[in-house]
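Chain by chain, the residues:
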Amino acid sequence: MLGNSTQAWGSISKLLHWLIVALLLTQYTLGWIGAGLPIGMEKLVVLSRHKSFGILILALAVLRVTWRLLNPTPALPAHMPALQQRLARATHVVLYGCLFALPLSGWVMSSARNFSVSFFNLFQLPDLVGPGDTLYVFSRSVHVGLTWILLAAALLHVAAALKHHFIDRDMVLRRMLPFIRS
Ligand code: HEM
Ligand code: HEM
């Protein structure tokens with residue numbers, strides 16, 4: 001089943017969910033390594049990969065949200081208290097928000113620093129803003145701040161998924177896993 005139903009996630013949603021998780025792991029690794037390197041060729045290469053993967057995440061996030069809007073969404077289990085349902089939705093909004101805000105703040109940061117952004121050396125993206133020190137410092141703080149917000153939201157999200165599986169013993173985790181028909 002490619003599309004979602006009101007009970008289950010389809011293959012496209014699952015593929016996009018897990019592909020983005022894998023890319024985010026890559027992205028944190030490259031970001032932390034790149035930020036820690038002294039100025040030089042190696043830093044430039046690592047951060048250029050980081051930027052390309054970040055733009056790929058932005059493109060996949062656009063696809064993901066478009067696909068979600070075009071499809072039904074599986075309902076949360078009826079046994080979940082209303083407050084928990086609201087917390088789940090709020091966490092999802094923060095997660096989706098970060099998938100857009102992180103790449104965009106990174107892109108603004110690079111443009112403000114007068115570094116162009118290329119997509120795996122295939123083509124160059126336009127600068128989002130003109131060069132400027134204040135904007136660079138501001139967007140860099142936003143970018144780094146968002147990395148911690150995303151990390152915190154993702155940890156809460158993973159803890160919730162594990163609680164559904166091992167404590168509530170419902171189908172919420174199973175229905176997002178690949179190769180399992182729910
Ligand atoms: C979802 C996508 C992204 C994630 C999760 C992410 C994550 C990170 C992380 C964890 C760091 C290290 C921060 C630190 O110093 O603690 C970082 C740094 C950086 N990111 Fe991203 N990033 C993303 C997208 C982008 C994009 C699209 C660009 C540019 C087009 C970008 C440009 C940079 C730059 C230039 C740095 C180095 C900052 C510095 O040390 O001066 N990032 N990012
Ligand atoms: C940083 C990594 C992650 C991000 C950004 C992320 C993002 C999201 C988002 C935005 C949704 C909401 C789907 C929607 O209602 O449109 C979702 C659903 C889900 N995620 Fe994640 N996720 C991440 C990691 C994980 C991990 C590691 C697990 C498993 C332990 C997981 C398990 C699930 C499950 C089970 C659902 C389905 C919830 C439901 O059926 O209502 N996620 N994820």
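All figures in this text were calculated on a predicted structure; none of them were measured in a lab.

Engineer: How should the coordination of the iron atom of ligand 2 be read in this particular structure?
Structural biologist: The textbook angles at a metal center are 109.5 degrees for a tetrahedron of four donors and 90 or 180 degrees for an octahedron of six. Surrounding the iron atom of ligand 2 are the protein donor atoms His17 (NE2) and His157 (NE2), which sit 2.0 Å from the metal. Coordination geometry of the iron atom of ligand 2: the six donor atoms subtend angles of 87 to 180° at the metal centre, consistent with an arrangement described as octahedral. On the criterion of sequence distance, the pair formed by histidine 17 in helix H1 (residues 11–36) and histidine 157 in helix H4 (residues 133–168) is long-range, its members being 140 residues apart. Here histidine 157 falls in the partly exposed class, since its relative accessible area comes to 26%.

Engineer: I would appreciate a short explanation of the side chain of threonine 91 in the present structure.
Structural biologist: Locating threonine 91 in the fold gives a position in helix H3 (residues 82–112). Not counting residues within four places of it along the chain, the set of residues in contact with threonine 91 comprises Ala153, Leu156 and His157.

Engineer: Got a minute to help me understand a nonpolar patch on the surface in this structure?
Structural biologist: Where nonpolar side chains cluster on the molecular surface, the patch consists of Met41, Leu44, Val45 and Phe115 and spans about 400 Å² of accessible area. Structurally, valine 45 is set in helix H2 (residues 41–70). By relative accessible area, which is 43% here, valine 45 ends up partly exposed.

Engineer: Is there a simple way to think about the environment of phenylalanine 53 in this case?
Structural biologist: Relative to the assigned elements, phenylalanine 53 resides in helix H2. Considering only alpha carbons, one finds phenylalanine 53 and leucine 30, 23 residues apart in sequence, at a separation of 9.4 Å. Phenylalanine 53 has contacts with Leu23, Thr26, Gln27, Leu30 and Phe120, leaving out every residue within four places of it along the chain.

Engineer: Any chance you could explain H2 here in plain terms?
Structural biologist: Since the α-helix packs 3.6 residues into each turn, any two residues three or four apart lie on the same face. Between its terminal C-alpha atoms H2 stretches 44 Å, which fits the 44 Å expected from 30 residues at 1.5 Å a residue. Residues of H2 that are buried include every one of Lys43, Val46, His50, Ser52, Phe53, Gly54, Ile55, Ile57, Leu58, Leu60, Ala61 and Arg64, and no others. Each element contacted by the buried residues of H2 is listed here: H1, H3, strand S1 (117–119), strand S2 (123–125) and H4.

Engineer: I keep staring at the side chain of arginine 64 and nothing clicks. Help me out?
Structural biologist: Tracing the sequence through the fold places arginine 64 in helix H2. Notably, arginine 64 is buried but unbridged: the nearest opposite-charge side chain belongs to aspartate 170, and the N-O separation is 17 Å. Beyond its immediate sequence surroundings of up to four residues, arginine 64 is in contact with Leu16, His17, Ile20, Tyr96 and Leu99.

Cut-offs applied
- As a convention, each chain's residues are numbered from 1 in the sequence order in which they are written.
- Chain labels run from A onward and ligand labels from 1 onward, assigned in the order the entries are written.
- pLDDT decides what is reported in this predicted model: residues at 70 or higher carry local features, side-chain atom pairs at 80 or more are listed and counted, and totals for whole chains, interfaces and linings draw on all residues regardless.
- Side-chain figures throughout are based on the complete set of non-hydrogen atoms in the structure, without hydrogens or water.
- Because no water is among the atoms considered, metal sites can look incomplete, with donors defined as N, O and S atoms within 2.8 Å of the metal, or 3.2 Å for Na, K and Ca.
- Each label reflects the angles at the metal, where four donors whose angles all fall between 85 and 135 degrees are tetrahedral, four or six donors whose opposite pairs open beyond 155 degrees and whose other angles stay between 65 and 115 are square planar or octahedral respectively, and the rest are irregular.
- Helix and strand definitions follow DSSP, with helices as H or I runs of at least four residues and strands as E runs of at least two, each counted in order from the N terminus.
- Partly exposed residues are those whose accessible area sits between 20% and 50% of the maximum for their type, while under 20% is buried and over 50% is exposed, using a 1.4 Å probe and protein chains only.
- We call two residues in contact whenever any of their non-hydrogen atoms come within 4.5 Å of each other.
- Surface patches are defined over residues having more than 30% relative accessible area and no salt bridge, joining like charges when they lie within 9 Å and nonpolar side chains (Val, Leu, Ile, Met, Phe, Trp, Tyr) when within 5 Å.
- Per-residue and other accessible areas were derived by the Shrake-Rupley procedure at a 1.4 Å probe size, with only the shown protein chains allowed to occlude residues.
- The salt bridge definition used is simple: a Lys or Arg side-chain nitrogen within 4 Å of an Asp or Glu carboxyl oxygen.
- The span you would expect from a helix comes to 1.5 Å times its residue count less one.
- His is not counted, nor are the chain ends, whereas Lys and Arg count as positive and Asp and Glu as negative.

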